[in-house]
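Structural overview
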Amino acid sequence: MRPPRTEAHPGSRVRQPFSGPQRFLLAGSFLITLGSFAVLPYMSVLLHQRLGIGLGTVGLVLAVASLIQFAGGAVAGPVVARIGLRRAMLLALTLRTAGFAAFVPGLTSPVLAVGALLLVSAGAALYLPANKAYLVEGVPEAGRPRLLSASSSAFNAGMALGPPAAAPLVLGSPGVLFACVAGLFALIGAGHALLPQGVADRPPGGAGPTAAEARDTGERAPGLSPFLVTVLSVYAFMFFQHYLALYAVPRTSAAFYGAVLTGYAALLVVAQPLLAERVAALSYPAALRWGFGAMAAGMAAIGAGGHAGIAVGGALLCLGEIVLFLKNDLEALARSAAAPASVFGRQRLAAGIGAFASGVVGGQLYGAAEAAGSARAFWAVVCLQCLLLPSVLLLRRRTARGRAGPRAEGA
């Protein structure tokens, strides 16, 4: 039987400084996301306005690229098991460098541009699980929250700064922009080549996954499934990401909406490392109550409307994201016998499923609310879902425990 985990108070932990490779990966995470988000948010504009691809085709291309980027994370585990963490990151960066470089001639060829986008998406699918696995490989459980939260902050800082940094070039001189991004990725890849091999790296041509990894199919500890909780967490959160612009811009202004997004990103970058150890110390059921509760309150504040309601709602959604997303990753690592790259790959797959479901359901809900003449009803329905989801999950957990009890007594 697996012994229960004991979690000390956050203040009692001795913080170890990050190692050189960990600091390099954190800095690289910022630069990689900065380069990616300098171009990817503008992809629909480039494909439609510059290359003349129809909007229906553009939507299909972006949907396929998103599917590769999220669902492809499930492939990361077998690839890492075969070639090792460092080589997996190098392969991912090579794919992304080639993809961004191919956009330069692809600005006159729709086929080449679409192929370049798919290359970039495939590289992203492989890189993130390998990157997180390298960060936490061999790190004690108590040290993982700081590393994962710092990694998330680095990614979010790049996401926030990338679009405004590229705005002067993206339409006027996109070839220069893509060449600069490709060069940045080539330099980052060269730095990755100097990293020491990860703890779990195997030589090329190795025997592949270990017997334990091959047998593992999910969480080994009973209780809430981090995969399922991640699906539902992302499902609830993406209503905010997908539909806030439709609601906020007509009621406030585009400038205010941009300010809310900038403030959201800044709060996420600063607050997540500060709250990481407190989030880690929460039990999983408590984290669900806090995280989904903050999301529900945030959706309700947005539905109340006005500048203050939208701003407060964004801050509450940020708190919910910090608690749920970090806790889900920590629990997935703690409950699984698989290698970390496989765990993070499954978590990416769960996030993709949740985002896809949110997009499908949210479009129907928002359309129905607008047709009824009350967009606020959309946020009320989403708030209700955020309240019900943790209750359903915890009820499912109690039911599973109740079924396991009689079986244990019979045994």
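Residues numbered from 1 in each chain as written. Predicted model: local features only at pLDDT ≥ 70, side-chain atom pairs only at ≥ 80, totals over all residues. Heavy atoms only, no water.

Operational definition: UniProt positions are given in the numbering used here, feature names are shortened, and annotations may be inferred rather than shown by experiment.
Per an unreviewed UniProt entry, the chain goes by MFS transporter and derives from Streptomyces rubiginosohelvolus. If you open the UniProt record of the chain and go to Subcellular location (unreviewed entry), you find "Cell membrane".

1. Describing the nonpolar core
We count it as follows: Think of a nonpolar core as a cluster: buried Ala, Val, Leu, Ile, Met, Phe, Trp, Tyr and Cys residues, connected wherever their side-chain atoms sit within 4.5 Å. Only protein chains enter the calculation, and the probe is 1.4 Å; a residue is then buried if its accessible area is under 20% of its type maximum, exposed if over 50%, and partly exposed in between. What makes two residues a contact is simply this: any of their non-hydrogen atoms within 4.5 Å.
Core analysis: the largest hydrophobic core is formed by 107 residues, its most contacted members being Phe100, Phe103 and Met299. Residues within four places of Met299 in sequence aside, it is in contact with Ala236, Phe239, Phe240, Leu317, Trp379, Val382, Cys383 and Cys386.

2. Points about the side chain of Arg96
As a reminder of what qualifies: Strands here mean DSSP runs of E at least two residues long; helices mean DSSP runs of H or I at least four residues long; both are numbered from the N terminus. Charged residues are defined narrowly, with Lys and Arg counted positive, Asp and Glu counted negative, and His plus the chain ends left uncounted. Each reported salt bridge corresponds to a side-chain nitrogen of Lys or Arg within 4 Å of a carboxyl oxygen of Asp or Glu.
With respect to the secondary-structure elements, Arg96 resides in helix α5 (residues 85–106). Buried charge without a partner: Arg96 forms no salt bridge, and the closest opposite charge is Asp329, 16 Å away. Not counting chain neighbours up to four residues away, the residues in contact with Arg96 comprise Ile32, Ser36, Leu40, Val120, Gly123, Ala124 and Phe185.

3. Things to note about the UniProt feature "transmembrane region" (unreviewed entry) in the chain
Those places that UniProt annotates as "transmembrane region" (unreviewed entry) correspond, in this numbering, to residues 24–45, 51–76, 111–128, 176–195, 227–249, 255–275, 349–369 and 375–395. Secondary structure across residues 349–369 comprises 100% helix and 0% strand; the distance between its end C-alpha atoms is 30 Å.

4. A short note on the packing of helix α13 (residues 306–335) against helix α14 (residues 340–371)
Quick reminder of the rule: To obtain an axis, a line is fitted to C-alpha atoms, over the contacting stretch when the element is a helix, and the angle between two such axes runs from 0 to 180 degrees between their N-to-C directions. Angular relationships are summarised with four words: roughly parallel below 35 degrees, roughly antiparallel beyond 145, roughly perpendicular across 65 to 115, and oblique for the angles in between. Crossings are assigned a handedness: left-handed for a near helix turned anticlockwise from the far helix by less than a right angle, right-handed for a clockwise turn. Residues are grouped as follows: Ala, Val, Leu, Ile, Met, Phe, Trp, Tyr, Cys and Pro are nonpolar; Asp, Glu, Lys and Arg are charged; all remaining types, including Gly, are polar.
Running from N to C, α13 and α14 cross one another at 135°; their axes reach a closest spacing of 10 Å. Comparing their axes, α14 and α13 come out oblique. Crossing of α13 against α14: the hand is right-handed. Contact residues: Asn328, Asp329, Ala332 and Leu333 in α13; Pro340, Val343, Phe344 and Gln347 in α14. Residue composition of the contact of α13 with α14, grouped by class: 5 nonpolar, 2 polar and 1 charged.

5. Some thoughts on the pattern of salt bridges
By the definition in use, this model includes 3 salt bridges. For Asp329, the salt bridge identified is with Lys132, shortest N-O distance 3.1 Å. Here the residue Asp329 occupies a position in helix α13, and Lys132 occupies one in helix α6 (residues 110–136), the gap between them amounting to 197 residues. The exposure class of Asp329 is buried, given its relative accessible area of 13%. With a closest N to O distance of 3.8 Å, Glu331 and Lys327 form a salt bridge. Highlighted residues: Glu331 and Lys327, both in helix α13, separated by 4 residues, approximately one helical turn. One exposure class covers both Glu331 and Lys327, and it is buried. Salt bridges here are not isolated pairs; linked through shared partners, they connect Lys327, Glu331 and Arg335.

6. Some thoughts on the packing of aromatic side chains
By convention here, two paired aromatic rings are described through the distance between centres and the angle between planes. Let me state the cut-off plainly: Here a pair means two rings of Phe, Tyr or Trp (six-membered ring of Trp) with centres within 6.5 Å. Their orientation is stacked below 30 degrees between planes, edge-to-face above 60, and tilted elsewhere.
Throughout the structure, instances matching the rule amount to 13 aromatic pairs. Between the aromatic rings of Phe100 and Phe185, the centroid separation amounts to 5.0 Å while the plane-to-plane angle is 40°, which identifies the pairing as tilted. Here Phe185 lies in helix α8 (residues 174–193) and Phe100 lies in helix α5, a separation of 85 residues in the sequence. Accessibility assignment for this pair places Phe100 and Phe185 in one class, buried. Look at Tyr235 and Phe239: their rings are 5.0 Å apart centre to centre, the planes differ by 80°, and that puts the pair in the edge-to-face class. Here Tyr235 pairs with Phe239, and both are found in helix α10 (residues 226–251), just 4 residues apart, close to one helical turn. Tyr235 sits in the buried class, given a relative accessible area of 12%. Overall, Phe239 belongs to the buried group, its relative accessible area being 1%.

7. Focus on α6
So the rule is basically this: Multiply 1.5 Å by the residue count of a helix minus one, and that product is the helix's expected span.
The end-to-end C-alpha separation of α6 is 40 Å, in line with the 39 Å expected for 27 residues at 1.5 Å each. Of the residues flanking the end of α6, it is Gly138, one or two places downstream, whose phi is positive at about 80°.

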